[in-house]
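So the chains spell out like this:
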Amino acid sequence: MTERPDPTVSPPLPPGPPAQEFPREATAVADLPTAPTVTAHPMSFTGQSGEYFRIWIVNIALTVVTLGLYLPWARVRQRQYFYGHTWLDGQNFEYTASPLALLRGYLIVGAFFLAYTLATNLQFQGWEVVAGVIGVLFVALYPWLVMKSLRFLAVSTTHRGLRFRHHGRSVGAYTSYGLANVAAVLSGGLALPWAWFMQRRYQVENAAYGSARATFRGDVGDFYVIGLTGLAVAIGGGVLLAVPVIALLVGLGVLGDFDVVGGLPGPGVIAGIAVLYAGLLALYAVAWQYVRAATLRLVLNRVEVGGVVRTQATFSPWRLVWIGVSNTVVQLLTLGLATPWAAVRRTRYVMSGVQVRSIQSLDAFCADFTPEESALGEAATELLDINLGF
Amino acid sequence: MTEPDPAHLTLSGVYFDGRTSRDRAATLEVSGGTLVLRAEGEPETRWETAQLGIDPPIPGIRRVLKFPGGARFETGDDAGVSALEARLGRNRGLGRVRRLESRWGTALGAVALMILFAWGFVAFGLPALARTAATATPDAVLATFDRETVELLEGQNYVGPTRLSAARQAQLQRVFRQVTSRVGGSSPYRLLLRDGNAPDAPFALGANAFALPGGTVVMTDQLVRLARDDRELAGVLAHEAGHVIRRHTLAGVYQGLGLSLLTVAVTGDLVSAGTFAAAVPAALLRNGYSRAAETESDEVAARFLLREYGTTRPLRNLLARLETLDRNADEHSVQGGSRVEDLLQTHPGTAERIRHLRGLEEQARRR
């Protein structure tokens, strides 16, 4: 079976908002019996928070007891649980990374991170050189690390016995993660949605399932809409929040008694600052979660694999924002113990709103020769919190 | 299904050849060291158990058996695969991990272990590590720290040149030498007298004294004027010398560093809502550490005062005057604050410190 079918056979899926695609597709199929049948396969997630909690806490405890050496095994098991419980068309996904390969990466990245932290905090003799070299190295290697990480993550993901792959190359990585980020900073954020676009396109266009390549049909305008919505949420919320807090402070007449020498500011000021702090924190979370959720939905609605498969997302970004924010609150209140519940809750909601639409059976893909990938990039992205976007 | 004898068992599941995404219903028959795989539409294949790869078990997920060349067999028959695993001696370590994961008892044990560990680390581990690191830090580093801090204080106009007379300065230096020779420690002590209300200062230090890790003690003119006699100032200087001996400042830096590393490790990232939220408990912990340091230094000062003057009253009075900024105040002018207020303060509440110093004096008298 060919992965790139004859373009004349390839069906033009109806454009338009994805939420409306289902009914329209049904009529299209009914009206045009000659058009290829589109089958929708829903994704599902079968993980249980109780079960995952036990895996999570036992693996954290083992990591602590082994002074961190078990960390790669813990991460692999936790990820294997999520991949293994994600089902598509009767088969589950699998995460196949080798913990030993990750351990090597963790040790290298961890050593650099520790050296940098110690140098900048303690400022021992010659610290500028150490911190400078590590800093320059990190900035110079950042796009390369992202590329390595994407490649490793793809090769470590299996479905139906076939590996995913990422064919990303350095040139593309330095354009979308180097140049685009520099442009975003220099333009004062104006080019930020463009950078997101470049990065998602780099991620998707180079992805492949077996030998079937993925294509990205999104355009930069969509990302500007998301960015502006996020900005509007932040500014609007900030104004709504600042007015009552300032009014409260002025009303209490406490702005004047902020006395550094006398030690503590008055309780009114402390309460005001606390409210403002919590509010800004929530606002930041909402705006950021919105951008994340909307981007995820947008990207999933713009991916095509091998010309025969499209992913589709019907979950609501605002509902995902609510889940993200309420998850954070519950996690804070339970001192982190609700983390497994939060992760399962979010994944279950996302997966219940993702479908794969295919004009060809999902069992007709072919393998591609996959060389092993180094885990260094993966370790770097995890330990240094490099955001890959989802 | 599972056979009672693990040497002979038949597993049913799905087969993938590793070249296409096609799934085929299949059975795998194990007898002794041989495996026979029968997949629909495929010729029968035989393997040795030695060629077989068995993925470690993950709760609730089908077991995966891998063959050379990328082929795989997936089955829901966990008991059968576990029996095979046990017979072949595979995945022993992660099999044990899986047993831990499958019980609520061990999970709750792990929770208890984590709480114990976190508490032990924050209460004992981190301070001990910081103290060790501070003791091991070479004197040259401490001297650099002092020099740079003083340069910063003077460069940014936090302090100005002292306005005390030369005679008064010389007298205070004598008191300082007397204090440091009695209190002990090998640091190159140095007393800097400075104006705490310098005209261009970003904010006024006012009546204040503080110790840098290398042995430099800075005392402001305002504090000197607040004191009624030199015994009170000797008490403050002994307190600051105590910070130097115990290397509190440096230990504090290390503790802060450890806490931020810990925060990053726990929340998993550098800048996010989680990290900011974690900053509040971290700041409270930091305060707790510095309260412990204040108490320790008060004890050093108390030992000095009790030996020299037989009482800790001079320091108690000066503390009260610092708190009220009233030259006529004494130790009885300070009332204890609320507990919440105490918790939020960097230093132990003044009332609490005065009580502690009085307690130390009574203790010494009883002996």
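### Comments concerning the overall build of chain B
Summing up its helical and strand segments, chain B has 12 helices and 11 strands in all. When contacts within chain B are restricted to residue pairs at least 6 apart in sequence, those whose partners lie at least 24 apart make up 63%. Per element, the accessible surface of chain B, about 17900 Å² overall, is 55% carbon and sulfur.

### Here's the deal with the sheet that holds strand S8 (residues 160–161) of chain B
All names here are of chain B. If you trace the four strands from one edge of the open sheet to the other, you get S8-S9-S11-S10, paired in mixed fashion. Two strands lie at the open edges of the sheet, namely S8 and strand S10 (209–211), each paired on one side alone. Examined bridge by bridge, S8 and strand S9 (residues 190–195) share two bridges and lie antiparallel to one another. Across the sheet, residue Gly160 finds its bridge partner in S9, namely Asp195. In the packing of helix H4 (residues 139–155) onto the sheet, the strands contacted are S9, S10 and strand S11 (216–220), and the crossing angle to S9 comes to about 10 degrees.

### Focus on the pattern of salt bridges
Oppositely charged side chains are able to pair whenever their charged atoms sit close together. Using the criterion set out here, one finds 32 salt bridges over all chains in the structure. Among the ionic pairs, A:Glu94 bridges to B:Arg72, the shortest N-O distance being 2.6 Å. Here B:Arg72 lies in strand S7 (residues 72–75) and A:Glu94 lies in strand S3 (residues 91–95), a pairing that spans two chains. Here the two residues A:Glu94 and B:Arg72 agree in accessibility, since each one is buried. Taken together, the salt bridges that share partners define one network made up of A:Glu94, B:Asp55, B:Arg62, B:Lys66, B:Arg72 and B:Glu74.

### Remarks on the confidence of the model for chain A
Residues and elements named next belong to chain A. Scored by pLDDT, chain A comes out at a mean of 82, with 79% of its residues at no less than 70. The secondary-structure element of chain A with the lowest mean pLDDT is helix H1 (residues 21–31), recorded at 44, while helix H11 (residues 339–352) shows the highest, at 95. Below pLDDT 50 for its whole length, residues 1–30 participates in 39 contacts with residues either more than four positions away or in separate chains. Considering only residues more than four positions removed or in separate chains, one finds that residues 257–264, a stretch of pLDDT under 50, has 11 contacts.

### Digging into the packing of helix H6 (residues 170–186) of chain A against helix H7 (residues 192–205) of chain A
Two quantities define a packed helix pair, namely the angle between the helix axes and the distance between the axes. All names here are of chain A. Remark: H6 packs on H7, axes separated minimally by 8 Å, with the N-to-C direction vectors making an angle of 170 degrees. As the angle between them shows, H6 and H7 are arranged roughly antiparallel. Between H6 and H7, the residues in contact are Gly172, Ala173, Thr175, Ser176, Tyr177, Ala180, Asn181, Ala183 and Ala184 and Leu192, Trp194, Ala195, Met198, Gln199, Arg200, Tyr202 and Gln203, respectively. Among the residues making up the contact of H6 with H7, the classes are represented as 10 nonpolar, six polar and one charged.

### Details of the side chain of A:Thr86
Tracing the backbone shows A:Thr86 in strand S2 (residues 86–88). When its relative accessible area of 6% is taken as the criterion, A:Thr86 is described as buried.

### Regarding H4(B)
Residue and element names in this part refer to chain B. Over its 17 residues, H4 extends 24 Å from the first C-alpha to the last, a length consistent with the 24 Å expected when each residue adds 1.5 Å. Three or more residues of H4 are buried, namely Leu142, Asp146, Thr149, Val150 and Leu153. Seen end-on, H4 carries its buried residues on one side only, within an arc spanning 100 degrees. The exposed set on the far side of H4, more than 90 degrees from its buried face, consists of Ala140, Glu151 and Gly155.

### Some remarks on a positive patch on the surface
All names here are of chain B. Judged by side-chain charge, Arg92, Arg96, Arg99 and Arg103 come together as a positively charged surface patch. In this fold, Arg99 is placed in helix H2 (residues 92–101). Judged by relative accessible area, which is 43%, Arg99 ranks as partly exposed.

### Some remarks on the confidence of the model for chain B
All names here are of chain B. Residues with a pLDDT of 70 or more make up 87% of chain B, whose mean pLDDT is 84. Per-residue pLDDT stays below 50 along residues 269–273; that stretch engages in 12 contacts with residues further than four places along the chain or on separate chains. Two summary scores accompany this predicted model of the complex, namely pTM at 0.74 and ipTM at 0.75.

### Digging into a nonpolar patch on the surface
Residue and element names in this part refer to chain A. Residues Ile108, Phe112, Leu137, Leu141 and Tyr174 make up a contiguous nonpolar surface patch of about 410 Å² in total accessible area. Within the residue set of the nonpolar patch, elements represented by two or more residues are helix H4 (99–122) and helix H5 (127–155). You can see Leu141 is positioned in helix H5. Residue classification places Leu141 among the partly exposed residues on the basis of a relative accessible area of 33%.

### Regarding the packing of H5(A) against H6(A)
Residues and elements named next belong to chain A. Two numbers describe how H5 lies on H6: the axes approach to 8 Å, and their chain directions differ by 125 degrees. In this view, H5 runs oblique relative to H6, as classed from their interaxial angle. Considering how the two elements wind past one another, H5 and H6 form a crossing that is right-handed. From H5, Ala140, Leu141, Tyr142, Pro143, Trp144, Val146 and Met147 reach across to H6, where they touch Ser170, Ala173, Tyr174, Tyr177, Gly178 and Asn181. When the residues that make up the contact of H5 with H6 are grouped by side-chain class, the tally is 10 nonpolar, three polar and no charged.

### Considering the interface of chain A and chain B
The partner chain B presents 54 residues to the 53 residues of chain A that form the contact. Carbon and sulfur atoms make up 68% of the surface buried where chain A meets chain B, a total of about 4400 Å² over both sides. A:Arg77 is the salt-bridge partner of B:Glu101, the closest N and O atoms lying 2.8 Å from each other. For the interface between chain A and chain B, the tally reads 15 residue pairs in polar contact (both at pLDDT 80 or more). When residues in the side of chain A that touches chain B are grouped by element, the largest group, 13 residues, is from helix H2 (residues 49–65) of chain A. Across the side of chain A that touches chain B, the residue classes break down as 33 nonpolar, 13 polar and seven charged.

Conventions we followed
Residues numbered from 1 in each chain as written. Chains lettered and ligands numbered in written order. Predicted model: local features only at pLDDT ≥ 70, side-chain atom pairs only at ≥ 80, totals over all residues. Heavy atoms only, no water. Helix = DSSP H or I, 4+ residues; strand = E, 2+ residues; numbered from the N terminus. Contact = heavy atoms within 4.5 Å. Areas by Shrake-Rupley, 256 points an atom, 1.4 Å probe, with all protein chains shown as cover. Pairing = 2+ DSSP bridges. Axes fitted to C-alpha atoms, helices over the stretch in contact; angles between N-to-C directions. Salt bridge = Lys/Arg side-chain N within 4 Å of Asp/Glu carboxyl O. Buried < 20%, exposed > 50% of the residue type's maximum accessible area, 1.4 Å probe, protein only. pLDDT = per-residue confidence, 0-100. Parallel < 35°, antiparallel > 145°, perpendicular 65-115°, else oblique. Nonpolar A, V, L, I, M, F, W, Y, C, P; charged D, E, K, R; others polar. Expected span 1.5 Å × (residues − 1). Arc of directions from axis to C-beta. Patch = residues over 30% accessible without salt bridge, like charges linked within 9 Å, V, L, I, M, F, W, Y side chains within 5 Å. Lys, Arg positive; Asp, Glu negative; His and termini not counted. Charge placed at Lys NZ, Arg CZ, Asp CG, Glu CD. Left-handed = near helix turned anticlockwise from the far one by under 90°. Buried area = accessible area lost by both parts, 1.4 Å probe. Polar contact = N/O pair within 3.5 Å; in protein donor to acceptor, adjacent residues only side chain to side chain.

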